Protein chains: 2
Amino acid sequence: MKLSIVSKVLSLLAAIISLFMLWPLWWAYIDGSRDLVPIIKSMVIGLMVASFLYLFGRKNTYEELGIKEAFAVVTLSWVLASVIGGLPFLFNGTVPTFTDAFFEAMSGFTTTGASVLTDIESNPRGILFWRDLTHWLGGMGIIVLSLAILPFLGVGGMQLYKAEVPGPIPEKLTPRVQQTALLLWGVYVFLSALETLFLWLGGMNMFESLTHTFGTMATGGFSPLNSSIGQYNSAYFDWVIIIFMFLAGANFALHYFMLRGKFDAWWKDEEFLFYTKVILFGIVTITAFLVFNGTYGNLLDSVRYAAFQVVSITTTTGYVTADYEQWPFYAQYLLLGLMFVGGCAGSTGGGIKNLRIMVLFRHVKAELQRLLHPKSMVHVRVGGNVVGRDIIASVTAFFILYIGLFAIFALIMAGFGLDVVSSIASVAATLGNIGPGLGVVGPVKNYATVPLAGKWVLSLCMLLGRLEIYTVIMLILPGTWKR
Amino acid sequence: MKLSIVSKVLSLLAAIISLFMLWPLWWAYIDGSRDLVPIIKSMVIGLMVASFLYLFGRKNTYEELGIKEAFAVVTLSWVLASVIGGLPFLFNGTVPTFTDAFFEAMSGFTTTGASVLTDIESNPRGILFWRDLTHWLGGMGIIVLSLAILPFLGVGGMQLYKAEVPGPIPEKLTPRVQQTALLLWGVYVFLSALETLFLWLGGMNMFESLTHTFGTMATGGFSPLNSSIGQYNSAYFDWVIIIFMFLAGANFALHYFMLRGKFDAWWKDEEFLFYTKVILFGIVTITAFLVFNGTYGNLLDSVRYAAFQVVSITTTTGYVTADYEQWPFYAQYLLLGLMFVGGCAGSTGGGIKNLRIMVLFRHVKAELQRLLHPKSMVHVRVGGNVVGRDIIASVTAFFILYIGLFAIFALIMAGFGLDVVSSIASVAATLGNIGPGLGVVGPVKNYATVPLAGKWVLSLCMLLGRLEIYTVIMLILPGTWKR
């Protein structure tokens, strides 16, 4: 492990994150609010950290970035971003401890949306804008962002890209990774602009249009409002956000092809169809339970609330318009299950991902057929292509790790005194980068009451979930540190 | 699928089950109790069913038993056993409906121990003896029992054996399957006799010594007492049962080797060591929480109650001496997690099994190493032997199926109106063949309040769990029914 080159690349990232604080600073400036100094202080500290890191590694060239260094850079960059990104919350007094600041920033960058704030609206706009901007920066990947901004990272860039966007099946838009990063960010910016426009045209002010767009397109879930999107009680806003959450949870490569005029890109993609079916199943069955239960007065409202919560949870956004803990147990349990499914590969969403679920399902089907016909060769196919045994092995290992880590972390949370449902839900909601769970971390509650040590565990869950586990685990394997 | 040979083999099994009713009949006879006629009626009906099935398939020879027929025989024999085995409960008025009778018998044969009886002790001894005898007959496998009793099943016997005892890694004591079946039943009978003796020497009457032995050695969990083993409040009985539950949850092939004088058989077996470590981890950490929480007055009691519950749940027995829902959440959650781990391969216990967990764990480790060294060959080893890719694929598929079916069945239970914890726990406790769960099916409650349709779903879970999923699923695959 060459620590000096790791240090050099981290410095670039720290600088980018710090410079993006200019945007919330602008809100603080025009409001003349008390968060002006805290944000400036954070930015200065961030840039100082960047400078030190740069000095330490300045002699190295980017070509020295190997696979081990890539794992280190990616994992540490998310940790560093959360340390720097949490400073404004700490300096402004938004949160009481460094732990809370780190948790809130990690929740932001990983697009989880789990919050420790009890009264969100008591904060000035600069702070709230920064809180949602962390979502947006993390949404498409902060390494992918760096690659798009810093084309000189060269060969090492590919290693970094693979470590941040592992994905079950390798896919790139173009052979050059910088080009891919730029195209993905282009689509992301375009869709974000579109959503902002739709929200603004519906009567939302520009500040809230932007912050909610950040929360939607990144499948994050932070809102500057205490009662999330439910506070508007507007069918128009609900449906606009449902549509954009749905898009954010799908593969951005498909959106790119759509924008390039290949209008069948969505419907020719097996994962997109699977993802759509999962969401429709959730909406239809939960609507049926809501209607049967008489939760809402009419069918239209039932569909709207069911659709919002199902899309929000499945895409791992975490915005809420209803306290689903008051819904029938079927709905609560299904939402908990959908947290594990998550979005599509190549989306800003988390969870296990639909593509992996499909591969797992077909792997089981192939095994069953092999039992009946022991001597036959049964291939697993996705999108017409045979999925190799190496990829299947990698996907099954991912699933085992995901379920195993979930079980272990939930045990730790139960050890901190959380009840069984809250332990399960808090880990499912952070490992899957969703945000709201059930019990003490339910949709109308927050993570403020979780013990400090528990917040560190859940922060680790968010990081593991966002980087799809492997990259983070590699860093603690002894083999990574051997010469 | 040749239905007539399936019918012929099923007839033998129905006859065996029916004839075993002579034993409870004897208790009813010496007590002169009201269950005499119900048991006779059940036996007669069982023998009549056996005769009809035999007539339908009498022309066939056992050599015609292929792989498809084996799947059908095994699955249907457990269903048929539960139908016939439930008749005494129904005729005696022990349960109100056929559903309940079937549920109770399925719970018995599959050694689950989930009960719908609210006042167990109000039943005569014949009925209660039969209830625990179903455990004992099912414990080592009713097909294995048939193979031991009916040596003429010949070549088809191997197919049957593989369908009932799939196991992650093929293992036989002797090349001849009938011989293996006989040896396993020999060890089972020997250990059962030993436990009965120990309980009887401790002052338990012969009836309760036998029934509790059946419940222990089969990792079943039915007790003729309303408050299970806790009713005795005896450290001696607790520890005797803890030891025999532990033995019942381990591989019986190892016990056979021990009895043959190979005294290092246990400690040379990787799975046995893993299983022991899992149980020790559970006992130590739960004891720590109980002591810290001040649940019991002293350390000795804390160890005793922790050990009993941990061993009972991990081995999938389900006897209780404490209402663990009053324990710290850590203990509740860990016990829920241990339901998934279960016993060892070749034991009478259920769950995923320790050997599979080990293979899964090592598969993940190999994948992580492959990430660091993409070109290296990393083998998964258990007990010094390389585990082939086919076996790993089969184990991962089993795990995915287990978790997937668990998630789906729990969703269905939530649809029937059970709260989230109860939905999860009822399916975990039946799919893993444990018995008591959490919530409405907690340790001091029972399954009587579960809706009728839910009892059918949970009966299916018990069957799937006992036959390790594949065999049952094969029966509903269309390919199995094609010519």
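The written sequence of each chain sets the order in which its residues are numbered from 1. Note on labels: chains are lettered from A, ligands numbered from 1, in written order. With the structure being a predicted model, the display of local features is reserved for residues of pLDDT at least 70 and the display and counting of side-chain atom pairs for 80 or more, all residues being used for whole-chain, interface and lining totals. The basis for every side-chain value is the complete set of heavy atoms in the structure, and neither hydrogens nor water enter the calculation.

**Overview of the overall build of chain A**
Secondary structure follows DSSP: runs of H or I at least 4 residues long count as helices, runs of E at least 2 residues long count as strands, and numbering of each begins at the N terminus. When its secondary structure is counted, chain A shows 21 helices and 2 strands. C-alpha atoms define the radius of gyration, and 2.2 Å times the number of residues to the power 0.38 defines the globule rule. Its C-alpha atoms give chain A a radius of gyration of 22 Å, within 12% of the compact-globule value 23 Å for 483 residues. With respect to the principal axes defined by its C-alpha atoms, chain A has extents near 65 × 55 × 50 Å. Burial status follows relative accessibility: with a 1.4 Å probe on protein chains alone, a residue under 20% of its type maximum counts as buried, one over 50% as exposed, and anything between as partly exposed. In chain A, buried positions account for 64% of the 483 residues. Whether two residues are in contact is decided by their heavy atoms, any of which lying within 4.5 Å being enough. If you take every contact in chain A between residues at least 6 apart in sequence, the share linking residues at least 24 apart comes to 72%. By element, 68% of the accessible surface of chain A is carried by carbon and sulfur atoms, the whole surface being about 17400 Å². Charged-residue counts in this description rest on Lys and Arg as positive and Asp and Glu as negative, His and the chain ends being excluded. Lys charges are placed at NZ, Arg charges at CZ, Asp charges at CG and Glu charges at CD. Across chain A, the mean location of the 30 positive side-chain charges is 12 Å away from that of the 26 negative side-chain charges. Here the open area of atoms and residues is found with the Shrake-Rupley method and a 1.4 Å probe, where only the protein chains shown may cover a residue.

**Looking at helix H11 (residues 235-248) of chain A**
Residues and elements named next belong to chain A. Each helix should span, by expectation, one fewer than its residue count multiplied by 1.5 Å. Here H11 is 14 residues long and its end C-alpha atoms lie 20 Å apart, about the 20 Å a rise of 1.5 Å per residue gives. Within H11, the full set of buried residues consists of Phe-237, Asp-238, Val-240, Ile-241, Ile-242, Phe-244, Met-245, Phe-246, Leu-247 and Ala-248. Of the surrounding secondary structure, the elements contacted by the buried residues of H11 are helix H9 (177-201), helix H10 (206-217), helix H12 (252-259), helix H13 (270-293) and helix H14 (299-314).

**Some remarks on the relation of the copies chain B and chain A**
Here the copies are matched by least squares. The fit uses the C-alpha atoms of residues with pLDDT of at least 70 in both. Each copy superposes on the other: chain B lies on chain A with an RMSD of 0.0 Å after a rotation of 180 degrees and an axial shift of 0.0 Å. Here the two chains are linked by the operation of a two-fold rotation axis. A share of 100% of interface residues in chain B that are also interface residues in chain A marks the association as one of identical surfaces.

**Brief notes about unusual backbone geometry**
Residue and element names in this part refer to chain A. Residues other than glycine seldom take positive phi values, yet Thr-316 does so here, at roughly 65 degrees. The topology assignment puts Thr-316 in the loop between H14 and helix H15 (329-341). The phi dihedral of Ile-469 falls on the positive side, at around 65 degrees, and the residue is not glycine. Within the secondary structure layout, Ile-469 lies in the loop between helix H19 (452-466) and helix H20 (470-476).

**Details of the interface of chain B and chain A**
Taken residue by residue, the interface counts 47 residues in chain B and 47 residues in chain A. Take the accessible area each of two parts loses on contact, using a 1.4 Å probe, and add the two losses: that sum is the buried area. Of the roughly 4200 Å² buried at the junction of chain B and chain A (both faces included), carbon and sulfur atoms supply 80%. In terms of surface lost to chain A, no three residues of chain B exceed Tyr333(B), Leu372(B) and Leu411(B), which account for 17% of the buried area on that side. Within this document, salt bridges are pairs made up of a side-chain nitrogen of Lys or Arg and a carboxyl oxygen of Asp or Glu, the two lying within 4 Å of each other. Where chain B packs against chain A, one counts 4 salt bridges. Here Arg389(B) ties to Asp390(A) by a salt bridge, and the two come within 3.3 Å at their closest N and O atoms. When contributions to the side of chain B that touches chain A are tallied by element, the ones reaching two or more residues are helix H4 (67-92), helix H13 (270-293), helix H15 (329-341), helix H16 (354-372), helix H17 (389-415), helix H18 (420-431), helix H20 (470-476) and helix H21 (478-481) of chain B. Ranked by the residues each element gives to the side of chain B that touches chain A, the list is headed by H17(B), at 16 residues. Only Asp, Glu, Lys and Arg are considered charged in this grouping, and only Ala, Val, Leu, Ile, Met, Phe, Trp, Tyr, Cys and Pro are considered nonpolar; every other residue, Gly among them, is considered polar. Residues that form the side of chain B that touches chain A fall into these classes: 33 nonpolar, 8 polar and 6 charged.

Keep in mind these numbers describe shape, not what the thing actually does.
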